[in-house]
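Given next are the chains, with one letter for each unit.
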Amino acid sequence: MVVKRNKEKVSIAMSSYLVNRAKAMVDAEEFGSVSDVISTAMSQFILMYDQAKRDGDTQFLSTREYVEDTGNMVEGIIKVYLKSSEGKALIKSIIGESLSSSTENNKTVIFAESGR
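## So, the overall build of the protein chain
Right, on to step 1. Looking only at helices and strands, one finds four helices and zero strands in the protein chain.
Right, on to step 2. Along the chain direction, N to C, the helices and strands of the protein chain fall in the order α-α-α-α.
Right, on to step 3. Looking at the protein chain as a whole, 5% of its 116 residues qualify as buried.
Right, on to step 4. For the protein chain, restricting intrachain contacts to residue pairs at least 6 apart in sequence, the fraction spanning at least 24 positions comes to 16%.
Right, on to step 5. Working note: accessible area of the protein chain is about 10,700 Å², and carbon and sulfur atoms make up 56% of it.

## Some remarks on the layout of surface pockets
Right, on to step 1. Estimated volume of the largest pocket: approximately 440 Å³.
Right, on to step 2. In terms of lining, the largest pocket is formed by 15 residues, of which the most central are Lys7, Ser35, Asp36, Ile38 and Ser39.
Right, on to step 3. The class makeup of the residues in the lining of the largest pocket is five nonpolar, five polar and five charged.

## With respect to a nonpolar patch on the surface
Right, on to step 1. On the surface, a nonpolar cluster with roughly 780 Å² of combined accessible area is contributed by Met73, Val74, Ile77, Ile78, Tyr81, Leu82, Leu90, Ile91 and Ile94.
Right, on to step 2. Going through the elements one at a time, α3 (63-83) and α4 (85-101) are the ones with two or more residues in the nonpolar patch.
Right, on to step 3. Ranked by the residues each element gives to the nonpolar patch, the list is headed by α3, at six residues.
Right, on to step 4. With respect to the helices, strands and loops of the structure, isoleucine 91 is situated in helix α4.
Right, on to step 5. You can call isoleucine 91 partly exposed: its relative accessible area is 37%.

## Observations concerning the confidence of the model for the protein chain
Right, on to step 1. Averaged over every residue, the pLDDT of the protein chain is 79; the share at 70 or more is 72%.
Right, on to step 2. When pLDDT is averaged over each helix and strand of the protein chain, the minimum, 72, is found for α3 and the maximum, 94, for helix α1 (residues 16-27).

## With respect to the pattern of salt bridges
Right, on to step 1. Applying the stated criterion across every chain yields a total of one salt bridge.
Right, on to step 2. A salt bridge links lysine 7 to aspartate 36, with the nearest nitrogen and oxygen atoms 3.8 Å apart. Separated by 29 residues along the polypeptide, lysine 7 in the segment before α1 and aspartate 36 in helix α2 (residues 34-55) bring together distant segments of the chain.

## Concerning unusual backbone geometry
Right, on to step 1. The phi dihedral of glutamate 29 falls on the positive side, at around 60°, and the residue is not glycine.
Right, on to step 2. The exposed category is assigned to glutamate 29, whose relative accessible area is 72%.

## Observations concerning α1
Right, on to step 1. For α1, with twelve residues, the first-to-last C-alpha span of 16 Å sits near the 16 Å given by 1.5 Å per residue.
Right, on to step 2. Once α1 ends, the next one or two residues include glutamate 29, with phi positive near 60°.

Criteria and cut-off values
- Residues numbered from 1 in each chain as written.
- Predicted model: local features only at pLDDT ≥ 70, side-chain atom pairs only at ≥ 80, totals over all residues.
- Heavy atoms only, no water.
- Helix = DSSP H or I, 4+ residues; strand = E, 2+ residues; numbered from the N terminus.
- Buried < 20%, exposed > 50% of the residue type's maximum accessible area, 1.4 Å probe, protein only.
- Contact = heavy atoms within 4.5 Å.
- Areas by Shrake-Rupley, 256 points an atom, 1.4 Å probe, with all protein chains shown as cover.
- 1 Å grid on protein atoms, 1.4 Å probe; cavity = no way out; pocket = protein on both sides within 12 Å on 5 of 7 lines; lining within 4 Å.
- Points joined across faces, edges and corners; volume = space filled by probe spheres on them.
- Nonpolar A, V, L, I, M, F, W, Y, C, P; charged D, E, K, R; others polar.
- Patch = residues over 30% accessible without salt bridge, like charges linked within 9 Å, V, L, I, M, F, W, Y side chains within 5 Å.
- Salt bridge = Lys/Arg side-chain N within 4 Å of Asp/Glu carboxyl O.
- pLDDT = per-residue confidence, 0-100.
- Expected span 1.5 Å × (residues − 1).

Dropping the structure here:
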């Protein structure tokens, strides 16, 4: 018995690595089509995603949540690093290199380290 499913045609962009892997699975007769590979992968992802959400697991953050979470983490790391002597030395070095390699800007800039 053949079960027909209502399917909707969509166009997506994927890395060539993923496309080639999906085609290889079809060539190895593990799946009937690339569409079957993608449908199976999406079905499994959605099941895992829904389970993670129910469990409060953050392994599957939305793009917005991921960017927000990563941004907060990076900001915190930078703040801590800039308070260290290594961070201050790095910034001074970067600024010094930038000023010495700049031939377009003839302004004199003076940096003074605060006594914190």
